[in-house]
Amino acid sequence: MTAKDFTDFWSRVSEHTQSSPSRLHYGVYKAAAREQGNAAVHAKRMTMIARSDVCPPRWAKLMQLLLQKKPGKMTMKNLRYIQLFEADFNHLKQFYIGGQAMHNIERFGYLPEEHFSRRGSTAVDAKLDLILTTDISRQSRTPLAILSLDASQCYDRVNHVIMGIIWIVLVRQLFVVQVILSCLQNMKFYQRTGFGDSTDCFSAASALVTWMGLGQGSRGASHGRMQISSFIVNLMRKTGHVAKLISPVTREETESVGEIFVDDANIYMCGDAEECNTAQKLYPRVVATVVVWACLLRATG
């Protein structure tokens, strides 16, 4: 990591972003980014951590709070946990997972076109793809099934074994992956409420199994989820669970697994003019696709 990398990141983020229990808030690093010497020292420290597999103990502590999904009643169904990580730990994940890994997944062609949470796309583009697909199906008289198969609590359930293998392939630095995953697995959770911050915590030390997940509020969570779901989509395409539609106007053939935006997924499955020309004949293919998708979600967490 260079001083320019450090300065570019901290000049973009908001100073009012909250972070974990230590007093090293976002303003500290934004101030350091204003002076070239301080920025170079911080960048060198991050590089040493990434190369040595030794991370600061404070990185394994986070602050957890409940926020409303929508304005309204203060019920558990309308609340969600947000986890505040150390500011520089978030920077490390953004640099390697959101930067290098995302650059390499696009460079090597591993990022499928079904992903609409990539840079330059929006949820509106995903819905437009869905509408155009159904239009082609209707015009060509091709049976089409749209399977709404969202991943529940996907950030909290990502399997570190699979995620670690994918990160090693994309980042190509083993120690960086070990630092990130070891911090996540040994994380201590503190609580923040309207009455103040808790002084005690709970952690994986007393648990019977190793904790997984990427953390809500982590800068590497959305990118990690996109990378692991890209692996799932590519495997679906490789095993033949893909919809093939032919435009009745241009006769152009389109292959698509579906449209995915973060954890929301609409999977397509269509028939053909000969074998699966009715909804009843298409049904076995639909069941097989659901089973494969569900099994891949379980395998990856």
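Preceding this paragraph is the structure being described.
Since we're looking at a predicted model, the values are computed, not measured. (Residues numbered from 1 in each chain as written. Predicted model: local features only at pLDDT ≥ 70, side-chain atom pairs only at ≥ 80, totals over all residues. Heavy atoms only, no water.)

A. Region of the structure containing the overall build of the protein. In terms of regular secondary structure, the protein is built from ten helices and ten strands. Taking the principal axes of its C-alpha atoms as reference, the protein extends roughly 65 × 45 × 35 Å. Counting every atom, the protein has about 16500 Å² of accessible surface; 56% of that belongs to carbon and sulfur. Within the protein, one finds 35 positive and 26 negative side-chain charges whose respective centroids are separated by 5 Å. (Helix = DSSP H or I, 4+ residues; strand = E, 2+ residues; numbered from the N terminus. Areas by Shrake-Rupley, 256 points an atom, 1.4 Å probe, with all protein chains shown as cover. Lys, Arg positive; Asp, Glu negative; His and termini not counted. Charge placed at Lys NZ, Arg CZ, Asp CG, Glu CD.)

B. View of the environment of His-25. Tracing the backbone shows His-25 in the loop between α1 (3-10) and α2 (26-32). For His-25 and Val-292, which are 267 residues apart along the polypeptide, the C-alpha to C-alpha distance reads 44 Å. There is a polar contact of 3.0 Å between the side chain of His-25 and the backbone nitrogen of Gly-27. (Polar contact = N/O pair within 3.5 Å; in protein donor to acceptor, adjacent residues only side chain to side chain.)

C. Up close: the pattern of salt bridges. By the definition in use, this model includes nine salt bridges. The closest approach of N and O atoms between Asp-88 and Arg-45, which form a salt bridge, is 3.2 Å. Of this pair, Asp-88 sits in helix α4 (residues 87-107) while Arg-45 is found in helix α3 (residues 36-52), placing the two residues 43 residues apart along the sequence. Residue classification places Arg-45 among the partly exposed residues on the basis of a relative accessible area of 26%. Glu-86 is the partner of Arg-58 in a salt bridge, and the nearest nitrogen-oxygen pair spans 2.7 Å. One end of the pair, Arg-58, is in the loop between α3 and β1 (61-68); the other, Glu-86, is in the loop between β2 (79-84) and α4, and 28 residues separate them in sequence. (Salt bridge = Lys/Arg side-chain N within 4 Å of Asp/Glu carboxyl O. Buried < 20%, exposed > 50% of the residue type's maximum accessible area, 1.4 Å probe, protein only.)

D. Region of the structure containing the packing of α4 against helix α8 (residues 174-185). Their axes nearest at 11 Å, the elements α4 and α8 cross at an angle of 135 degrees. Relative to α8, the element α4 lies oblique. Viewed along their axes, α4 and α8 form a crossing whose handedness is left-handed. Across the interface between the two elements, Phe-89, Leu-92, Lys-93, Tyr-96 and Ile-97 from α4 touch Val-176, Val-179, Ile-180 and Cys-183 from α8. Among the residues forming the contact of α4 with α8, the class breakdown is eight nonpolar, no polar and one charged. (Axes fitted to C-alpha atoms, helices over the stretch in contact; angles between N-to-C directions. Parallel < 35°, antiparallel > 145°, perpendicular 65-115°, else oblique. Left-handed = near helix turned anticlockwise from the far one by under 90°. Contact = heavy atoms within 4.5 Å. Nonpolar A, V, L, I, M, F, W, Y, C, P; charged D, E, K, R; others polar.)

E. Up close: the packing of aromatic side chains. Under the defined criterion, the tally for this structure stands at eleven aromatic pairs. Centroid distance Trp-59 to Phe-89: 5.0 Å. Interplanar angle 25 degrees. Geometry classified as stacked. Here the residue Trp-59 occupies a position in the loop between α3 and β1, and Phe-89 occupies one in helix α4, the gap between them amounting to 30 residues. Of the two residues examined, Trp-59 and Phe-89, each falls in the buried class. With 5.5 Å between their ring centres and 50 degrees between their planes, Phe-189 and Trp-211 make a pair best called tilted. Note that Phe-189 is positioned in strand β4 (residues 188-193) and Trp-211 in the loop between β6 (202-203) and α9 (221-238), a separation of 22 residues in sequence. The exposure class assigned to Trp-211 is partly exposed, which follows from its relative accessible area of 25%. Linked through ring pairs, Phe-6, Phe-9, Trp-10, Tyr-26 and Tyr-29 together constitute an aromatic cluster. We note Lys-93 situated over the ring of Phe-85; from NZ or CZ to the ring centre the distance is 3.7 Å. Lys-93 extends its terminal NZ or CZ atom over the ring of Phe-89, reaching a point 4.2 Å from the ring centre. (Phe/Tyr/Trp six-rings, centres within 6.5 Å; stacked < 30°, edge-to-face > 60°. Lys NZ or Arg CZ within 6 Å of the ring centre and 35° of its normal.)

F. Here's a closer look at the pairing of β1. Note that β1 and β4 share four bridges and pair parallel. Bridging across to β4, Lys-61 finds its partner in Lys-188. Pairing between β1 and β2: six bridges, direction antiparallel. Bridging across to β2, Gln-68 finds its partner in Leu-79. (Pairing = 2+ DSSP bridges.)

G. Representation of the packing of α4 against helix α7 (residues 160-171). Taken N-terminus to C-terminus, the directions of α4 and α7 make an angle of 70 degrees; their axes are 8 Å apart at the nearest point. Between α4 and α7, the angle falls in the class roughly perpendicular. Here α4 contributes Tyr-96, Ile-97, Gln-100, Ala-101, Asn-104 and Ile-105 to the contact with α7, which in turn contributes Trp-167, Leu-170 and Val-171.

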